[in-house]
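Observations on the model geometry
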2 protein chains.
Amino acid sequence: MIDNVILGILMEGPQTGYGLKSTIEQSVGFFYTASYGSLYPALKRLAEQGAISLVETDGTKNKKLYTMETAGRKQFLEWLGEPLTRNRNEHLLKFFFYDYLEESLRKERLAAFHGSLREELGRLAVVKQIVDKETEALENPEDYRYRLSVLTYGFRYLEMAERWLGDLREKELKNEYNADQDAAVEENHDE
Amino acid sequence: MIDNVILGILMEGPQTGYGLKSTIEQSVGFFYTASYGSLYPALKRLAEQGAISLVETDGTKNKKLYTMETAGRKQFLEWLGEPLTRNRNEHLLKFFFYDYLEESLRKERLAAFHGSLREELGRLAVVKQIVDKETEALENPEDYRYRLSVLTYGFRYLEMAERWLGDLREKELKNEYNADQDAAVEENHDE
DNA sequence: GCAACCATGTAACGTGTTACATGATTAC
DNA sequence: GTAATCATGTAACACGTTACATGGTTGC
């Protein structure tokens, strides 16, 4: 996980270990955190693998700049292109870097993920209906309020995610349409 | 983490290790999963601590029933009463068991969590405004669509959570009001 | 009889955090 | 000159997963 976050950020340009940590906090910090205890060993590992290279900027300053290498870029894009799964926010991490993914594969992954979200939403809707009906038959439904509320939370979470992804996919489609229009206008310049 | 999940489920009654796993899957499985590799060692640990006790139901059947003990209940309720934090879905886990928490402490924790959600929502709203303004100035905002969309995701996530919690707290308040009304009616029976 | 499920458990591995240790640079 | 921030790194620990190993019970 941390390897790919590091590589993703190095796509933008060289960074120090310290710089990486603050960049992570400011960008994907909402759903991913890294400590130095995992960061530095990861940098060491990635450098040994040849995914990144390090340059000691200054002999006295004890400051190392890590730079993306071709192997690292390949490794990162391979990870980025793998199917999206709703495990430990990895999908959100991938979304953050999705501008780097080739359009056709990106669309495929998003469509598949959208489908699985809708499926899960459907399954949960069924469960919720059953549970709600069972709850009506209880004498003291308030005694289970919180237990039940978590089901509602799950439902709303999936609803939110589904809508967000729907909006995002729509936005990209609209953009393509506009791009096509622009191209058409450009072609018929004298019209 | 797993210790408290186990204890929380044992609040309902005795279970086998196998039973615990399927109960976990069916109840909090949406945001928490446990493997046997963590479950059985945890049960062993909890039994050694005296939080739970085990009964071999049958000499030949190799089946163990784990039962909650007083020490375990105390440990569980202590954990449950600790302040809510948005770390690795621990708050959702606590919510699921919140029917077991004493009402006044529960209200306090929910109010505090609601406040922190609103604060974070406010902070993110500011960040989003700044970023949106900066985005307008770009020549190719589409190149950063996904990067930016994750910010929207974070915002919508917090909005959803804030609303859900608001609804939940309101529901409990309404229930209290109704209970008061009922009590009043009962007192003035001849009216 | 055999497939599906019930049931328990361990060893190796993966991945990350916390706490500690150290020192340079910058802004005031 | 001193506090904040920049900067690197390790050791002990925490927590969990995957894969493996084993066997009983139930339903058809």
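Residues numbered from 1 in each chain as written. Chains lettered and ligands numbered in written order. Predicted model: local features only at pLDDT ≥ 70, side-chain atom pairs only at ≥ 80, totals over all residues. Heavy atoms only, no water.

Taking an unreviewed UniProt entry as the reference, chain A is identified by name as PadR family transcriptional regulator belonging to Paenibacillus mesotrionivorans.

A few words on the pattern of salt bridges. Overall, the coordinates contain 26 salt bridges over all chains when judged by the stated rule. Here A:Glu119 and A:Arg123 are joined by a salt bridge, their closest N and O atoms 3.7 Å apart. In this pair, A:Glu119 and A:Arg123 are both assigned in helix 6 (residues 103-136), four residues apart and thus about one turn of the helix distant. In this structure, a network of salt bridges that share partners links the residues A:Arg106, A:Glu172 and B:Arg145. (Salt bridge = Lys/Arg side-chain N within 4 Å of Asp/Glu carboxyl O. Helix = DSSP H or I, 4+ residues; strand = E, 2+ residues; numbered from the N terminus.)

What follows is about the nonpolar core. A:Ile6, A:Tyr32, A:Phe95, B:Ile6, B:Tyr32 and B:Phe95 are the most contacted members of the largest nonpolar core, which has 97 residues in total. If we skip the residues at most four places from it in the chain, A:Tyr32 touches A:Met1, A:Ile2, A:Val5, A:Ile24 and A:Leu93. (Core = buried A, V, L, I, M, F, W, Y, C linked by side-chain atoms within 4.5 Å. Buried < 20%, exposed > 50% of the residue type's maximum accessible area, 1.4 Å probe, protein only. Contact = heavy atoms within 4.5 Å.)

The subject of this paragraph is the interface of chain A and chain B. Opposite the 38 residues of chain A that make contact, chain B presents 38 residues. Linking chain A with chain B are six salt bridges. For B:Arg156, the salt bridge identified is with A:Asp167, shortest N-O distance 2.7 Å. Where chain A touches chain B, the interface holds 20 residue pairs in polar contact (both at pLDDT 80 or more). (Polar contact = N/O pair within 3.5 Å; in protein donor to acceptor, adjacent residues only side chain to side chain.)

All told, the structure shown has 25 aromatic pairs over all chains when counted by the stated rule. Arranged with centres 5.9 Å apart and planes meeting at 40 degrees, the rings of A:Phe76 and A:Trp79 form a pair that is tilted. You can see A:Phe76 and its partner A:Trp79 sitting in helix 4 (residues 70-81), three residues apart, about one turn around the helix. Side by side, A:Phe76 and A:Trp79 carry an identical accessibility label, which is buried. Stacked on the ring of A:Tyr36, the Lys or Arg A:Lys21 has its end atom at 5.2 Å from the ring centre. Sitting above the plane of the A:Phe30 ring, B:Arg86 keeps its charged end 4.6 Å from the centroid. (Phe/Tyr/Trp six-rings, centres within 6.5 Å; stacked < 30°, edge-to-face > 60°. Lys NZ or Arg CZ within 6 Å of the ring centre and 35° of its normal.)

If you check the shell around DNA strand D, you find 19 residues, and the closest are A:Tyr18, A:Tyr40, A:Lys63, A:Lys64 and B:Ser35. Expressed as a percentage, the sugar and phosphate content of the atoms of DNA strand D within 4 Å of the protein is 66%. A:Tyr18 is positioned with one of its side-chain polar atoms (N or O) 2.5 Å from a phosphate oxygen of DNA strand D. Contact between DNA strand D and B:Ser35: a phosphate oxygen at 2.6 Å from a side-chain N or O atom of the residue. (Near = heavy atom within 4 Å.)

Nonpolar side chains collect at one region of the surface, where A:Tyr18, A:Tyr36 and A:Tyr40 lie side by side and expose about 340 Å² of accessible area between them. Here A:Tyr36 shows up in helix 3 (residues 36-49). (Patch = residues over 30% accessible without salt bridge, like charges linked within 9 Å, V, L, I, M, F, W, Y side chains within 5 Å. Areas by Shrake-Rupley, 256 points an atom, 1.4 Å probe, with all protein chains shown as cover.)

This part covers the protein's contact with DNA strand C. Among the 19 residues in the neighbourhood of DNA strand C, the closest are listed as A:Ser35, B:Tyr18, B:Tyr40, B:Lys63 and B:Lys64. Counted by atom, the contact set of DNA strand C within 4 Å of the protein is 67% sugar and phosphate. Separating a phosphate oxygen of DNA strand C from a side-chain N or O atom of B:Tyr18 is a distance of 2.6 Å. One nitrogen or oxygen atom from the side chain of B:Lys63 is found 2.7 Å from a phosphate oxygen belonging to DNA strand C. Those elements that place two or more of their residues in the surface near DNA strand C are helix 3 of chain A together with helix 2 (17-27), helix 3 (36-49) and strand 2 (63-68) of chain B. Here the surface near DNA strand C takes four residues from helix 3 of chain B, the largest share from any one element.

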